[in-house]
Amino acid sequence: PGLRPELNVLSPRKRTRQIQVGGVAVGGDAPISVQSMTTTKTHDIGSTLQQIAELTAAGCDIVRVACPTDKDASALKIIAQQSRIPVIADIHFQPKYVFAAIEAGCGAVRVNPGNIRKFDDKVADICKAASDCGVSLRIGVNAGSLDPRLLKKYGSATPEALVESAVWEASLFEECGFRDFKISVKHHDVVTMVRAYQMLAERGDWPLHLGVTEAGPAFQGTIKSAAAFGTLLAQGIGDTIRVSLSAPPVEEVKVGSKLLEFMGLRPRKLEIVSCPSCGRAQVDVWTLAESVEEGLKDVKAPLRVAVMGCVVNGPGEAREADLGCASGNGKGQIFVHGQVVETVPEDQIVETLLKYANEMAEEMGEA
Ligand code: SF4
């Protein structure tokens, strides 16, 4: 499983049925996709499309937009037409916007059964409209908006409560013959969320959208998402992911993409291997590593670049990497494929690494 089967660290991916979100397949053997959500007012079409373009450039596969008002619903058509990646409309409270989103040509619609009143009466109509237009759905169960009946039954949003809600809603759609949906059972607590998804994965072959809801600011949310997604993906659970951060959504895409890369679930891009620094360091490793990361951010080739503070592990790591530097005495030894190619003053390390990175990227046809 994954891109490094020889190391056998991932369980086989759980077989889920495949659905289409616009042109992106989710589930089955489709690559695990990365999603994010815009923070602009959806009816501000220019700003929303601008943010979608930034997310697309950052590697986002699917984008979700909020649709709380009539004005937002009216904007969906242009946004869906002009976005280069599939757009999912996020609907709470009002079934009428589900129909508007389907008609607007969105790739999918996220519905939250917990807060759409009289939702169950509308399921057959929603299924028909979605089928007619080839639109898929996400049943998005969320701890913060769990069906009040289940909240009463379980006392809180337990994994059992989240799963019962999801399975019940799934059965309503399936009874109408509609199967093109994925499911999420989000919770802000990593352990509860992981357990809910494990239980849900046992209950059916629905494609699963992973998310830790309200994960927090970037530092905390990144760790929560990495812990939760890492656990589930290692068990073969999860078909599409969304990292939720109280931060610009491009950061969500960067975290989600890197998480998949580091787990061997998506081809690796540029990677910086840098030491933490210690009392032996003869250079400011932190600043150097940040400068190298910033300087090489536009390099598209999947290079591994080592930035090491001294000669203890420096030459070894630099040799293992495609490109590297080991610092000492105000100078940096530059390594290319394990060979020292030159020694430069400290203030020229970044530009020299960039020069070689560009040459290597060109050789690899990825400049
Ligand atoms: Fe310390 Fe050198 Fe190791 Fe960096 S490479 S952590 S400076 S011993």
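Each chain has its residues counted from 1, running along the sequence as written. Two thresholds apply to this predicted model, a pLDDT of at least 70 for residue-level local features and 80 or more for giving and counting side-chain atom pairs, whereas whole-chain, interface and lining totals are computed over all residues. Water and hydrogen atoms play no part in the side-chain values, which are based on all heavy atoms of the structure.

### With respect to the pairing of strand S3 (residues 33–37)
Worth spelling out the cut-off: Accessibility here uses a 1.4 Å probe with only protein chains present; expressed as a share of the type maximum, an area under 20% marks a residue as buried, one over 50% as exposed, and anything in between as partly exposed. A run of DSSP states H or I qualifies as a helix once it reaches four residues; a run of E qualifies as a strand once it reaches two. Both are numbered from the N-terminal end. Whether two strands pair depends on DSSP finding at least two bridges between them.
Within S3, five of the five residues are buried, which leaves the element mostly enclosed by the surrounding structure. Going residue by residue along S3, you find Ser33, Gln35 and Met37 tucked away on one face and Val34 and Ser36 tucked away on the opposite face as well. Of the pairings in the sheet, the one linking S3 to strand S4 (residues 62–66) comprises three bridges and is parallel in character. Across the sheet, the residue bridging to Gln35 is Ile62, located in S4.

### With respect to a negative patch on the surface
Operational definition: Patches draw on residues past 30% relative accessible area with no salt bridge. Two like charges within 9 Å are joined, as are two nonpolar side chains (Val, Leu, Ile, Met, Phe, Trp, Tyr) within 5 Å. Per-residue and other accessible areas were derived by the Shrake-Rupley procedure at a 1.4 Å probe size, with only the shown protein chains allowed to occlude residues. A pairing counts as a salt bridge when a side-chain nitrogen of Lys or Arg comes within 4 Å of a carboxyl oxygen of Asp or Glu. Neither His nor the chain ends contribute to the count of charged residues, in which Lys and Arg are positive and Asp and Glu negative. To locate a charge, take NZ of a lysine, CZ of an arginine, CG of an aspartate or CD of a glutamate.
A contiguous patch of negative charge on the surface is contributed by Asp284, Glu290, Glu293, Glu346, Asp347 and Glu351. Its location among the elements puts Glu290 in helix H10 (residues 285–295). For Glu290, a relative accessible area of 56% translates into the label exposed.

### Some remarks on the UniProt feature "domain: IspG C-terminal" (unreviewed entry) in the protein chain
Definition in use: UniProt positions are given in the numbering used here, feature names are shortened, and annotations may be inferred rather than shown by experiment.
Feature annotation in UniProt places "domain: IspG C-terminal" (unreviewed entry) on residues 271–357, given in this structure's numbering. Helix makes up 31% of residues 271–357 and strand 32%, whereas the separation of the span's terminal C-alpha atoms amounts to 12 Å.

### Digging into unusual backbone geometry
One non-glycine residue, Ser277, lies in positive phi territory at about 80 degrees. If you trace the backbone, Ser277 turns up in the loop between strand S11 (271–274) and H10. The backbone of Asn329 shows a phi angle near 50 degrees, a positive value even though the residue is not glycine. Relative to the helices and strands, Asn329 is located in the loop between strand S13 (323–328) and strand S14 (331–336).

### Concerning the packing of H10 against helix H12 (residues 349–363)
In plain terms, the rule: Each axis is a line fitted through C-alpha atoms, taken for helices only over the stretch in contact, and angles between the N-to-C directions span 0 to 180 degrees. Whether a crossing is left-handed or right-handed is set by the direction in which the near helix is turned from the far one by less than a right angle, anticlockwise for left-handed and clockwise for right-handed. Residues are treated as being in contact if the distance between any of their heavy atoms lies within 4.5 Å. Residues are grouped as follows: Ala, Val, Leu, Ile, Met, Phe, Trp, Tyr, Cys and Pro are nonpolar; Asp, Glu, Lys and Arg are charged; every other residue, Gly included, is polar.
Look at H10 against H12: their axes get within 9 Å of each other, and the N-to-C directions meet at 35 degrees. Crossing handedness for the pair H10 and H12: right-handed. Counting all contacts with H10, which are made through Leu288, Ser291, Val292 and Gly295, the residues of H12 involved are Ile349, Val350, Leu353 and Leu354. Residues of the contact of H10 with H12, tallied by class, amount to six nonpolar, two polar and no charged.

### A short note on helix H3 (residues 95–104)
All of the buried residues in H3 are Pro95, Tyr97, Val98, Ala101, Ile102 and Ala104. After H3 finishes, the residue Gly105 shows a positive phi value of roughly 90 degrees.

### Remarks on the pattern of salt bridges
Summed over the entire model, instances satisfying the criterion amount to 18 salt bridges. With a closest N to O distance of 2.7 Å, Arg266 and Asp61 form a salt bridge. Of this pair, Arg266 sits in the loop between helix H9 (249–262) and S11 while Asp61 is found in the loop between helix H1 (45–57) and S4, placing the two residues 205 residues apart along the sequence. Taking relative accessible area as the criterion, Asp61 reaches 21% and is therefore assigned partly exposed.

### Let's talk about the environment of Asp90
Put simply, the rule reads: Residues adjacent in sequence count toward polar contacts only when both atoms are side-chain atoms; beyond that, a polar contact is any pair of N or O atoms within 3.5 Å, and within protein one must be able to donate a hydrogen and the other to accept it.
Within the secondary structure, Asp90 is located in strand S5 (residues 87–91). Looking at Asp90, the relative accessible area reads 5%, which means it is buried. Placed 22 residues apart in sequence, Asp90 and Pro68 show a C-alpha to C-alpha distance of 8.3 Å. Here Asp90 is in contact with Met37, Arg64, Val65, Ala66, Cys67 and Arg110, once residues within four sequence places are set aside. Polar side-chain contacts of Asp90 include one of 2.9 Å to the side chain of His92.

### Considerations on the sheet that holds S4
The parallel open sheet is built from eight strands, whose spatial order is S8-S7-S6-S5-S4-S3-S10-S9. Either end of the sheet is taken by a strand with one partner, and the two such strands are strand S8 (181–186) and strand S9 (209–210). In this sheet, strand S10 (residues 240–242) lies alongside S9 in parallel orientation, the contact comprising two bridges. Bridged to His209 within S10 is Thr240. Docked against the sheet, H3 engages S5 and strand S6 (108–111), running at close to 165 degrees with respect to S6.

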